[in-house]
Amino acid sequence: MSTSAPSPAARLRGLRPSWLSDPKVWRTEVLAGLVVALALIPEAISFSIIAGVDPAIGLFASFTMAVTIAIVGGRPAMISAATGAVALVIAPLNREHGLGYLVAAVILAGVFQIVLGALGVAKLMRFVPRSVMVGFVNALAILIFMAQVPEMTDVPWPVYPLIAGGLLLMIFFPKVTRVIPAPLVSIAVLTAITVAAGIAVPTVGGKGDLPSSLPVPGLPDVPFTLDTLTTIAPYALAMALVGLMESLMTAKLVDDITDTRSSKTRESIGQGIANIVTGFFGGMGGCAMIGQTMINVRVSGARTRLSTFLAGAFLMVLCIVFGPVVSDIPMAALVAVMIMVSFATFDWHSLAPKTLTRLPVGEIAVMVITVACVVATHNLAIGVVVGTLTAMVIFAKRVAHLASVTSVTDPDGTSVVYSVTGELFFASSNDLVNRFHYATDPDKVVIDLTAAHIWDASSVAALDAIETKYKERGKTVEITGLNQSSAHLHGKLSGELTGSH
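From a predicted model like this one, the values you see are computed outputs, not experimental measurements.

Draft legend 1. Just the sheet that holds strand S5 (residues 444–454), in detail. Taken in spatial order, the 4 strands of this open sheet run S3-S4-S5-S6, and their pairing is mixed. Each edge of the sheet is formed by a strand with only one pairing partner; in this case those strands are strand S3 (404–409) and strand S6 (476–480). Taking each pair of neighbouring strands and ignoring which way they run, the sheet shows an average axis angle of 20°. This element, helix H19 (residues 457–471), spans strand S4 (415–424), S5 and S6 of the sheet and lies at about 175° to S5.

As structure tokens, this is what we get:
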């Protein structure tokens, strides 16, 4: 019996994600997107001020980044928008050369990110140890909290009870119902109280004017010359690297929270595309936002691309259509949301005495160094790099001690066999040369590497030095037991590493 081919409509239905037909998922994603959009507005304005640009530039960037990354990104439910890390990197360029150069740098940074993504830079994430990841998360929670401190100093006294009320609402409201996200309820209730009672407290409107129209695409207002390229390239590369590192670390964190995997290569290329689109719309660029992502994923329970897309779309609708209402939202309501996010983000288990007593001292040191670097520099990328390098040094030092040498002399005294065990690389092989008895050993020396592995040129150079020392005393050396890759490396480099041959 012949079966007819499926219709185009049926094929299209097969390609649709399953969540599209689930009303419960729709409700979660829509409300999560709304909460994130409300939280994005003051942050985008603040980052615009850091970068030295008009608030509309940061808000446009958040809109185009979120909407674009929702389509091309590799990690569903992760929020990308204008960020403080990117603002800090490009602020000097804007200050010295103006907005046109900043926008051109954003587009070039996007190109760099696509190239780095295609080259597989995302695979470097496997070298970030867990202790650095924990340090990254904890530092992030501290930074999120520290960013709220200015909003709680030198402010009218009603701000403090409003923040406390907002926190209590977010703690206890989920016990009543989880249908509506607690942060949204908190923002709505606090706004209603301050407006109805006429309480004079800092509001979103006080941060800057909201845009009244959509962004228009166009080319950056710069001369298209080599001089322009050399001016923007260093800033663009720095922005590309900081943006990618922050985005990939955030994607890894969301993977862990949701127990799902995501394509880091697609995310890297997606970040590049989003920045190029943002640049052509005159935005200041951005990357993944850890605070907003935590609101979306951990607090609101979003899991799909829809929440990311709607966060960007709602952002523009709120600014353009509901500008006067949004301007009346008290900053205290958003500070309460971010304090809640800070506490939810921090890995409290990592500070438990039981955890600290069981962890090796090196791992604790890496965690502390990562946190200290991030908090001191306010740059997540620096903290991750320094933490990872520290972890590698500690690991190298630990592994270096695992290489051991034992010797057995023949009963007749004509030969000696040295058995080398462990991993031979730059840290362990430096010590290798001093483990042999050149003056007292018999004329025939066998170095057995059956239980060892040669990893680098330093190890080959150390073996060459051992052979040379024995030959100077008229003794012969035989190296045995090399595995295939060690034999290949030794054969290729032996005798070629010094100019004396």
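Draft legend 2. Local environment of the pattern of salt bridges. Summed over the entire model, instances satisfying the criterion amount to 5 salt bridges. Between Lys207 and Glu151 there is a salt bridge, and its shortest N-O distance comes to 2.5 Å. Residue Lys207 is located in the loop between helix H8 (182–197) and helix H9 (226–258), and its partner Glu151 is located in the loop between helix H6 (130–148) and helix H7 (159–176); the two are separated by 56 residues in the primary sequence. By relative accessible area, Glu151 is classed as buried at 18%. Taking the shortest distance from any N to any O, the salt bridge between Arg435 and Asp431 comes out at 3.5 Å.

Draft legend 3. Seen up close, the packing of aromatic side chains. Per the counting criterion, the structure on display carries 7 aromatic pairs. On the numbers, 5.7 Å between centres and 25° between planes, the contact of Phe343 with Trp348 is stacked. Given a relative accessible area of 45%, Phe343 falls into the partly exposed group. Among the aromatic side chains, those forming a connected cluster through ring pairs are Tyr418, Phe436, Tyr438 and Tyr470. The lysine or arginine in question, Lys469, covers the ring of Tyr438, its NZ or CZ lying 5.7 Å from the ring centre.

Each value, and the rule that gives it
Residues numbered from 1 in each chain as written. Predicted model: local features only at pLDDT ≥ 70, side-chain atom pairs only at ≥ 80, totals over all residues. Heavy atoms only, no water. Pairing = 2+ DSSP bridges. Helix = DSSP H or I, 4+ residues; strand = E, 2+ residues; numbered from the N terminus. Axes fitted to C-alpha atoms, helices over the stretch in contact; angles between N-to-C directions. Contact = heavy atoms within 4.5 Å. Salt bridge = Lys/Arg side-chain N within 4 Å of Asp/Glu carboxyl O. Buried < 20%, exposed > 50% of the residue type's maximum accessible area, 1.4 Å probe, protein only. Phe/Tyr/Trp six-rings, centres within 6.5 Å; stacked < 30°, edge-to-face > 60°. Lys NZ or Arg CZ within 6 Å of the ring centre and 35° of its normal.

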